[in-house]
Every structure is written in structure tokens, then in C-alpha cells.
Amino acid sequence: MRGFKKKTRLAITGCPASSSVRRRWRRRWRHPDRSVGGRHDTAAIVAAFGGHGMRRTSGCQGGRRRDRTADPGRNGHRSGPRAERGQTGEHCMVKGRIASVSEGAQDIVFALALPTNWNGHAMHFGGGGFDGVVPDLVTTPLTSGASPLQRGYAIFAGDSGHQAPPTDPFYTAFASNSEMLGNYAGDALKKTRDAAMKLIGLRYGKAPAKTYFMGGSKGGHEGMQVMQKWPADYDGVVTYFPAYAYMPQMMTIQVATRALWGNGGVGFLDPKKLQALRAAELAACDALDGAADGIVGNLAACTFKPQSLRCKGGADAGDDCLSDAQIKTVETLQSRTEFSYAFKNGATGNPGFLTSTDYASVLGATATFPVPPNPLVLGALGALPDAFIRNAVLMDPLGLSIGLDGASPGSYLPRIQELSAVMDATSTNIEPFVARGGKWLLVHGTSDPLITFQGSVDYYNALLLKLGRPQVDAFLRFYQVPGYGHGTGHFNATGGIPVLDALEGWVEHDQAPGELVATDANPATAGRTRPLCIYPSWPKYNGSGDLNAAGSYRCATS
């Protein structure tokens, strides 16, 4: 595939080496891409810094100190000590655009933070949900300790090739355009990475020594895409609750949606029903890990059945019991969905959610499915399949998504399989990533109400079957977090896991990580800690000591 000429406009003022960057960037350059399978033009990149031009930031801005104490270093940029937590070193923020090539497709918008005090490495942030916005490059909830920018990384991310309206977090109109859908599925990752590498080289005079990827949910899906598709581009990857089995998971949630809102909502679980369900689950299973702390750690020993909450006679009789229809909904949520067809790489089923799943964080309060569509009232569990199915499967923005049976979709099967071929990151062919020394940290909470924890277990087991434990242990650490949901949960580990420290140590110093420590961010229990155990082990209370301290627990399998 031939390369493409780029034409670029830059507005650069006040940044170290800006005149050199300007002269070199204004030259035309060619960029062949043989990996994406489609032409892309990175030169309609209009780079702007600080919003409407490029400016050096210093002093106090947005509550973050800009460190300007470093001394001049190599290549005309500055070197100096790493910023401490709470400080963000001096940096230039580049905002760019990668032009689309097909009619009706939007450009890819991306951003790149170029620190003056560069550590020689790069970090690619993934997106989330249906993307459509450029993630924040200054801070991230995906690691504890100093942020990547505070550590001196050059950081970049994109919006995956479409711009969502600010008031619509479930914007999916892009899915009817094949280029935009392909970009959302993963092509934009390669395009954004290649443009960022060019700019990093122009700024610092050399390529990064190491490049990492970090993302959660859809960003976790993206992390698995880059390992599978572009293994030579990344040295290490962190994925939180990855939506790697995109279409099987979407259709699994659709089956649950029909149980919740179908038949007039008779099976719907309102907040009080969810509270009763959680109380019963805790009464049956909370103490099985040795600690009655609101977290179910020993899930293998938990035998709770929702039938134990059945209302007398099976009809809805109040907030402290479940009707037969509501019990069926819980059973649907917790059961493996078997499909009448196969997805990409032969998948014909998808696991259900676990006992103690945090449904309350993703369900709205209305039992009536909205007509015309209004996904905002459904909560994320209903809104995600509703928005995606209407625009990507039915190809009708006003269609009635609840009419689609995700397990047996009838005439829509070809479209679902077409989407699976584009979207799913279910391949276990990651030997090229492993062979070049790539490392992967996988983190998933057992209370996740959107992407099943067992899905990560299934992928992990598939790798064990294919590669064997010694080889898997040489590149992958799979950490399970009891009580952690989808960025929420009764143990909220968001921002409380030192994954970047662990990844840096493994990739750069050959220090394979073992058990870590996770910190809870919930206001009522802020600061409590637990061991972050490597699957299949979980934190077991020692029988004495502070219930809120990781030192009172050990990682166990029984």
C-alpha cells in the first residue's frame, strides 16, 4: 500500500525547540501503513496547544503546579527530577486531527502531551463506552501513585474517529458508516499511534524507548486489540475489565434487557428489590472469606440461589421478596447465554454475572421501556445495547431495540456476525506480542455489572490451554478484585492499584509482579486496603487484625 503525502498546519509559540519542530513538521512526509487495511491521511493535522495555540504552562493552573525548575538537557529540551504526586511538570498539549477518507466519515481527533522533562517513554490511553471524546491526558483513574504525565511520559489518545455530542453519552450514530465503525473497532488506534510517534520524534529527536497502553472497559478492549493486531507497537499493556468479546457481551446484555423490561417490565428490579437481593447474598456468602465486611471474596463457596427470596405464591408482594418474573431476571443475569449462532473465532456462548454483582450502579428506576428511544432513563445496563442495536444492528435510530432477541436474532444475524468480525478482540494469537517481550496486566472486579468477570476468566483459561502456564505466567498477571464493579463497587479500586509501577518494573527491570495492594476509594471506607490477588486466589481474612488493612489477609484459593 502506497504512502500518502501530508499537509499540516501548526500554531506553535513558546515551546522549547518550537522553531525546529515547526520547520521540520512543515516539510511534507510520507507514512505507509500496511496494518490497518485502509488508507488514512494524517496530514490534515491541525495542531494547537492550550486550545487555540501552543503555549508554555507554568505556575499554578487548574490546581496543578507546573514545574519549571529543570535544567536544559539533550536535544534542546529540559531534563530534571520526576514530578511528585500532585505536580504536573511543564508540558505542551498538542491537539490534532487525522482526516477521514470516505464520504460522510468524521475525522479522528487526538491529543498529545509532550513534557519538557521527558522520561523517554510514551503512553497511549484507551477510551471508554462508545468513545467520541479524547480522554484526559493529565490525570487517569487507572493507576495509583504519580500519573504518567507526572512521571514524564509523552501521552496520547484519540476519540476513535467520531465526535459525540456533549449531552449524549450513548451516541452511536457513527456505527452506520463503515470507516467510522472500523475506527471505533480499532483502526483509529493504529492511526493515532502512528501520528503520535511522528510528532514525538519531531519534538525530541528520537523515538520512545518503551511504549505502553492503558485502558479500561472499551479501552480494555482496545488494549487487547493492539496486542493482537499491532504487537510490535507496544511493550506493555494494562487492561481493566476489558470488553474484548464485544458482540457476545452486547448480545448477552440484550438478553438481560429483555428479561428486565420485556412483558411490560414484570421482571424489572427496582432499587429496593436490588437492595433486598444484595442483603440476601451477603447473608449467605459474605463471611465465607472469613470477614463480614460487605465483600464476597470466596465466590467458589457461595451457593446462594435467588429462589430463596421468592414471594409467597410467586406474585410480587413487596420490597423484601422477588416475584417469579424477577427471580427469572436474576437467573438470566447470572446464567451463561447460549446463542443459536457463532461469533468471530467460534464463540457460541457468553458467561453471566456473579453473585454480589453491583447492578444498582447501572440500572435506572423505571420499569417502562422508553418509546421513542431515551437510553438515559435506562441506566448503562439497558442503554448500551439499546443505543448500539438501534444504530449498528437495526440501522434505525428510532427502532425498537427490545424487539431483538440477542440469542436468536433472526434476519439480523448476518449484520451481527458482520459486526462481530469487526469488533471482537477474541483471538488468542498473541504470540508475536509475547515473543518480543510484551507484558500484560489484566484487572477485573468480581462485582462488574457490565462486563462479566468470568469473561476474563474464559480468555485467561483459553491462553493457558493454548500456551501452557509457564509461558502465560511469563507475560501475564491476572488480578481479581472482589467487590469491585465497573469503576464503582462496594470495594472501589479505581485509582487505587499501582499497576504502572508494576508494569514499569516488569518491562524495564525484569521484576515480575506478585501480589499487590488495592485501596478502596469509596468515601465511607476510603483508605481501606486488600491484597490484590492473582487469579484464582482471593483475599482471605487471617482471623485477627484490622478488617480494613491488607496485612490482615492472605491470598488463598480455599
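All figures in this text were calculated on a predicted structure; none of them were measured in a lab.

The rules behind these values
- Positions within a chain are numbered from 1, following the residues in the order the chain's sequence is written.
- The model is predicted, so local features are restricted to residues of pLDDT at least 70 and side-chain atom pairs to those at 80 or more, both for listing and for counting; the totals for chains, interfaces and linings are taken over all residues.
- Water and hydrogen atoms play no part in the side-chain values, which are based on all heavy atoms of the structure.
- Exposed residues in this analysis have more than 50% of their type's maximum accessible area, buried residues have under 20%, and partly exposed residues fall in between, with area computed by a 1.4 Å probe over protein chains only.
- To qualify as a helix, a DSSP run of H or I must reach at least 4 residues; to qualify as a strand, a run of E must reach at least 2; elements of each kind are numbered from the N terminus.
- Strands were regarded as paired on the criterion that DSSP finds at least two bridges between them.
- The axes are straight lines fitted to the C-alpha atoms, using for helices just the contacting stretch, and the angles between their N-to-C directions are given from 0 to 180°.
- Handedness of a helix crossing follows the sense of rotation of the near helix relative to the far helix, less than a right angle counterclockwise being left-handed and clockwise being right-handed.
- The contact criterion used is simple: two residues touch if any of their non-hydrogen atoms lie within 4.5 Å.
- The classification used treats Ala, Val, Leu, Ile, Met, Phe, Trp, Tyr, Cys and Pro as nonpolar, Asp, Glu, Lys and Arg as charged, and all other residues, Gly among them, as polar.
- The pLDDT value tells you how sure the predictor is about a given residue, anywhere from 0 up to 100.

1. Observations regarding the pairing of strand 18 (residues 516-519)
Only one face of strand 18 is covered, namely the one carrying L516 and A518; the face carrying V517 and T519 has none of its residues buried. One ladder, built from four bridges, connects strand 18 with strand 19 (residues 529-534); its direction is antiparallel. Opposite T519, over in strand 19, you have T529 as the bridge partner.

2. Details of the packing of helix 4 (residues 246-261) against helix 7 (residues 380-393)
At a closest axis distance of 9 Å, the pairing of helix 4 and helix 7 adopts a crossing angle of 115 degrees. In terms of crossing hand, the pair formed by helix 4 and helix 7 is left-handed. Along the contact surface, helix 4 presents Y246, M247, M250, M251, I253, Q254, T257, L260 and W261, while helix 7 presents L381, G382, L384, P385, F388 and I389. Looking at the contact of helix 4 with helix 7 residue by residue, the class counts come to twelve nonpolar, three polar and no charged.

3. Looking at the confidence of the model for the protein
For the protein, per-residue confidence averages 88 on the pLDDT scale, and 85% of positions sit at 70 or higher. When the criterion is pLDDT under 50, residues 1-14 qualifies, and its contacts beyond four places in sequence or with other chains add up to 52 contacts. Confidence drops under a pLDDT of 50 for residues 25-85, and excluding neighbours within four residues, the segment shows 165 contacts in the predicted structure.

4. A short note on the side chain of D235
The residue D235 is located in the loop between helix 3 (218-229) and strand 13 (236-240) in this model. A relative accessible area of 12% places D235 in the buried class. Look past the residues within four positions of D235 in its chain and what remains in contact with it is A209, K210, T211, Y212, F433, R436, G437, G438, K439 and V507.

5. Observations concerning the environment of E418
Structurally, the position occupied by E418 is in helix 8 (residues 413-423). Counting along the chain gives 74 residues from E418 to K344, while the straight-line C-alpha distance between them is 8.9 Å.

6. Some words on the pairing of strand 11 (residues 154-158)
Counting buried positions along strand 11 yields five of five residues, so the element is predominantly enclosed. Neither face of strand 11 is exposed, since A154, F156 and G158 on one face and I155 and A157 on the opposite face are all buried. Bridging between strand 9 (residues 108-115) and strand 11 involves four bridges; their strand directions are antiparallel. Across the sheet, the residue bridging to A111 is A157, located in strand 11. Sheet topology note: the strand 10 (residues 121-125)/strand 11 ladder contains three bridges and is parallel. Of the residues in strand 11, the one forming a bridge with A122 is A154.

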